[in-house]
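Chain residues, written in single-letter form:
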Amino acid sequence: RLRTILRHARNGGRHCADTLGETAPCGTGPCEFGESSNCILSSWSEWSACNVADEKRRTRKVAQHAAAAGQACKGSLVEVLACFEASTPPSASDCQLSDWSEWQL
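Residues numbered from 1 in each chain as written. Predicted model: local features only at pLDDT ≥ 70, side-chain atom pairs only at ≥ 80, totals over all residues. Heavy atoms only, no water.

Draft legend 1. Molecular detail of the overall build of the protein chain. Each helix and strand counted, the protein chain has zero helices and six strands in total. Put simply, the protein chain runs from its N terminus to its C terminus through helices and strands in the order β-β-β-β-β-β. The buried share of the protein chain, taken over its 105 residues, is 16%. Sequence separation of 24 or more characterises 67% of the internal contacts of the protein chain that already satisfy a separation of 6 or more. Counting only carbon and sulfur atoms, one obtains 50% of the accessible surface of the protein chain, whose full area is about 7,600 Å². (Helix = DSSP H or I, 4+ residues; strand = E, 2+ residues; numbered from the N terminus. Buried < 20%, exposed > 50% of the residue type's maximum accessible area, 1.4 Å probe, protein only. Contact = heavy atoms within 4.5 Å. Areas by Shrake-Rupley, 256 points an atom, 1.4 Å probe, with all protein chains shown as cover.)

Listed below in structure tokens is the structure:
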């Protein structure tokens, strides 16, 4: 199962220290869902222009989901950077994670 970073730490806020992917055994015997394949993430997109929240972002997608006993995706699908001017630094904000998705085979 997976979860995503809803908000990245900014300006000295606490970074997410937990994992974004979790695996669990799919039974007492070997999984019977075909060959194992690891998750593959796409390349990062170009950075966007700065938005009204003074942030720019880039994204990537899951190109291939893990199958059977393959390794789950690790890492964020979105990165966000501040665009503020040095004379007016914004307040710190901590990283925030989404809820876990449902378990998938």
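Draft legend 2. Main features of the packing of aromatic side chains. Scanning the entire structure with this criterion turns up zero aromatic pairs. Across the ring face of Trp 47, the terminal group of Lys 56 is positioned such that the distance to the ring centre comes to 5.8 Å. (Phe/Tyr/Trp six-rings, centres within 6.5 Å; stacked < 30°, edge-to-face > 60°. Lys NZ or Arg CZ within 6 Å of the ring centre and 35° of its normal.)

Draft legend 3. Local environment of the side chain of Ser 98. Inspection of the secondary structure assignment puts Ser 98 in the segment after strand 6 (96–97). Ser 98 gets classed as buried once you look at its relative accessible area, which sits at 16%. Apart from residues no more than four positions distant in its own chain, Ser 98 is found in contact with Arg 3, Thr 4 and Leu 6.

Draft legend 4. Region of the structure containing the pattern of salt bridges. Taken as a whole, this structure holds two salt bridges when the rule is applied. Arg 57 is the salt-bridge partner of Glu 55, the closest N and O atoms lying 3.7 Å from each other. The class for Arg 57 is partly exposed, based on a relative accessible area of 37%. A salt bridge links Arg 58 to Glu 79; the nearest nitrogen and oxygen atoms lie 2.6 Å apart. Within this pair, whereas Arg 58 is found in strand 3 (residues 55–59), its partner Glu 79 is found in strand 5 (residues 78–82), the two being separated by 21 residues in sequence. (Salt bridge = Lys/Arg side-chain N within 4 Å of Asp/Glu carboxyl O.)

Draft legend 5. How the structure looks around the state of the cysteines. One pass over the full model with this rule turns up two disulfides. In this model Cys 39 forms its disulfide with Cys 73; the gap between the sulfur atoms is 1.5 Å. Between Cys 39 and Cys 73, the S-S dihedral sits near 65°, and the bridge is therefore right-handed. In this pair, Cys 39 is assigned in the loop between strand 1 (5–7) and strand 2 (40–41) and Cys 73 in the loop between strand 4 (62–64) and strand 5, connecting sequence segments 34 residues apart. Between the sulfur atoms of Cys 50 and its disulfide mate Cys 83 the distance is 2.1 Å. Taking the sign of the S-S torsion, about -90° here, the bridge from Cys 50 to Cys 83 comes out left-handed. Pair noted here: Cys 50 is in the loop between strand 2 and strand 3 and Cys 83 is in the loop between strand 5 and strand 6, with a separation of 33 residues, a long-range link. In this structure Cys 50 comes out as partly exposed when scored by relative accessible area, which is 45%. (Disulfide = S-S within 2.5 Å.)

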